[in-house]
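Structural overview for review
Letter by letter, the chains look like this.
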Amino acid sequence: MISRRRFSQATAAGLLLPTTGAVLAQTGDIKVALIVAKTGPFEAYAKQDELGFRMGLEYLTGGSMAIDGRKVQIIVKDDQLRPDLSKALLAEAYADDKVDIAVGAGGSSGTVAALPIAEEYKKILIVEPSAADSITGDKWNRYVFRVARTTSLDATASVSAFGGPVTVAFLAQDNVFGRDNVTAYKEAFGRQNPKAKMGHEEFVPQGTTDFTAPFQRIADSLKGTTGRKVLVIPWGGEHPIRKLAGMNPERFGIELSPGGSLLSVMQTWREFEGLEGGTYYHYKFPRNKANDWLVTEHMKRYRMPPDFFVCGGFSAASAVVTAIRKARSTDTEKLIAAMEGMDFETPKGTMTFRPEDHQAMMPMYHFKMKKRAQQSDEWDILELVREIPASEIKLPIRNKRTG
């Protein structure tokens, strides 16, 4: 027999199931592989994703780090942002580590390479932080569920800042992420602003540090155009906006639009007052219990607010916990049935896995950089112009589902 006090404690910690339904049939630890790019330019993303995942699991299990009585074992793997390694590590996780679910990979190119492995082993892969549209598009398979935002979600939020006549040029990295972003932005402008004209597209290698020639080609392409001119700069890793701003784009009448990034990165943009764009997360924007807890605990433990991918890791943990509790199993087919159409709570609010392509639908945010006089501290840099609800975001379905 269990006492009422013990029962209440267990329920609060997430150790007992709701009053209806059978308990999990499986026993032993629940194994989750977390594949992140701890080595390389996405190191900050990796640290945040792992921290967010652990904090999310802590919050959702009431500190027990267990789901319905089964401890969660997190196996972290570093893919070094190498697609071949992303693929090999996911296979290793499924075959050797016998994980129930994997989360990753470190970047979009690695995730695309690893998708067939999830299909081969018939195991769930929860995608975070990779944003390339192709992951839930032409590269998709039924074992893939993405909690990360997509390039189209980023573009939808950013485009909301630019209404009316405008000529848009692009500077992006020459990789899956960069090219998917440019395509997504062009489609978003087409949906949301029929008066926008698409201009020059400039793709550069990921490691580019000198932007003089690319920027000059962009400026030359915009000569003779009238009205508002915007250079959209979707970027993964260290953002080049400061270098581009140093080239005085205003002398050509060009506005820079970098979109949202890590808070630690955007904090260095404080002098760009009035800069507008769209973002996935800022710690002051969402109003819900999960975000309140995350902000409070993160400030207490690390003396700074949670950043972009801390929210992403937390959201991945919520998908794992909610799915296993709903399915009452770690069996892949039961998880898929539970996850299609599933709502789960995150620091951004409620996310929902769209049944058609398993993309998590979520709110996004239109921000403006605050004036320096309005910034209360080093992190209070963004003003919320508008929350864009998930119901308003008409995200294209890009995959061809056959089953």
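Right above here is the structure, for reference.
Throughout what follows, the structure given in this document is the object of discussion. Position numbers for residues count from 1 along each chain, tracking the sequence in the order it is written. Given that this is a predicted model, residues contribute local features only at a pLDDT of at least 70 and side-chain atom pairs are listed and counted only at 80 or more, while totals for whole chains, interfaces and linings are drawn from all residues. Calculation of side-chain values draws on the structure's entire complement of heavy atoms; hydrogens and water are dropped beforehand.

With that settled, consider the sheet that holds strand β11 (residues 276-279). Read across the open sheet, the three strands follow the order β11-β15-β16; overall the sheet is antiparallel. With partners counted over all chains shown, the strands left at the sheet margins are β11 and β16 (382-388), one partner each. The average angle at which neighbouring strand axes cross in this sheet is 30°, direction not considered. A pair of strands counts as paired when DSSP detects no fewer than two bridges linking them. What counts as a helix is a DSSP run of H or I of at least four residues, what counts as a strand is a run of E of at least two, and both are numbered from the N terminus. Of the pairings in the sheet, the one linking β11 to strand β15 (residues 364-369) comprises four bridges and is antiparallel in character. Within β15, the residue paired with E276 across the bridge is K368. Working convention: axes come from line fits to C-alpha atoms, limited for helices to the stretch in contact. Angles between N-to-C directions cover 0 to 180 degrees.

Attention now goes to helix α12 (residues 332-339). Regarding α12, the residues found buried are T332, L335, I336, A338 and M339. Take α12 and look down its axis: the buried residues cluster within an arc of 165°, on one side only. We call two residues in contact when some of their heavy atoms are within 4.5 Å. Turning to α12, the residues buried within the fold contact β4 (101-104), β5 (124-127), β6 (144-146), α11 (308-327) and β13 (349-353). One or two positions beyond α12, positive phi appears at G341, with a value near 85°. A simple rule labels every residue: compare its accessible area, found with a 1.4 Å probe on the protein chains alone, to the largest value its type can have, and call it buried under 20%, exposed over 50%, or partly exposed in between. In this description, the arc belongs to the directions extending from the helix axis to the C-beta atoms.

Considering the arrangement of structural elements, one finds R372 in the loop between β15 and β16. Exposure remark for R372: the relative accessible area of 42% places this residue in the partly exposed category. When near neighbours in sequence (up to four residues on either side) are disregarded, R372 contacts R270, E271 and E273.

Turning our attention to the sheet that holds strand β8 (residues 196-204). Pairing is parallel in the open sheet, where four strands are placed in the order β8-β7-β9-β10. Two strands in the sheet have a free side with no partner beyond their single neighbour: β8 and β10 (254-257). Across this sheet, the average inter-strand angle for adjacent strands is 20°, counted without regard to direction. Pairing geometry for strand β7 (residues 166-173) and strand β9 (residues 228-232), over five bridges, is parallel. Residue pairing in the sheet places T167 in a bridge with K229 of β9. Where helix α6 (residues 176-192) meets the sheet, its contacts fall on β7, β8 and β9, and the angle it forms with β7 comes to roughly 165°. Packed on one face of the sheet, helix α7 (residues 212-222) meets β7, β8, β9 and β10 and runs near 160° to β8.

This brings us to the nonpolar core. Side-chain atoms within 4.5 Å are what join buried Ala, Val, Leu, Ile, Met, Phe, Trp, Tyr and Cys residues into a set we call a nonpolar core. Among the nonpolar cores identified, the biggest contains 111 residues, and F53, I126, L171, L231, V320, M339 and F353 are the most heavily contacted of them. For this core, the leading source of residues is α11, giving 13 residues. With 17 residues, the next largest nonpolar core counts A155, V182, Y185 and A196 among its residues.

Okay, the side chain of S158 next. For S158, the location among the structural elements is in helix α5 (residues 151-159). Pairs of N or O atoms within 3.5 Å make up the polar contacts considered here, provided that, within protein, one atom can donate a hydrogen while the other can accept it, and that residues adjacent in sequence are counted only when both atoms are side-chain atoms. A polar side-chain atom of S158 sits 3.2 Å from the main-chain amide nitrogen of G278. If we ignore the near neighbours within four places in the chain, the residues touching S158 are Y185, G259, G277 and G278.

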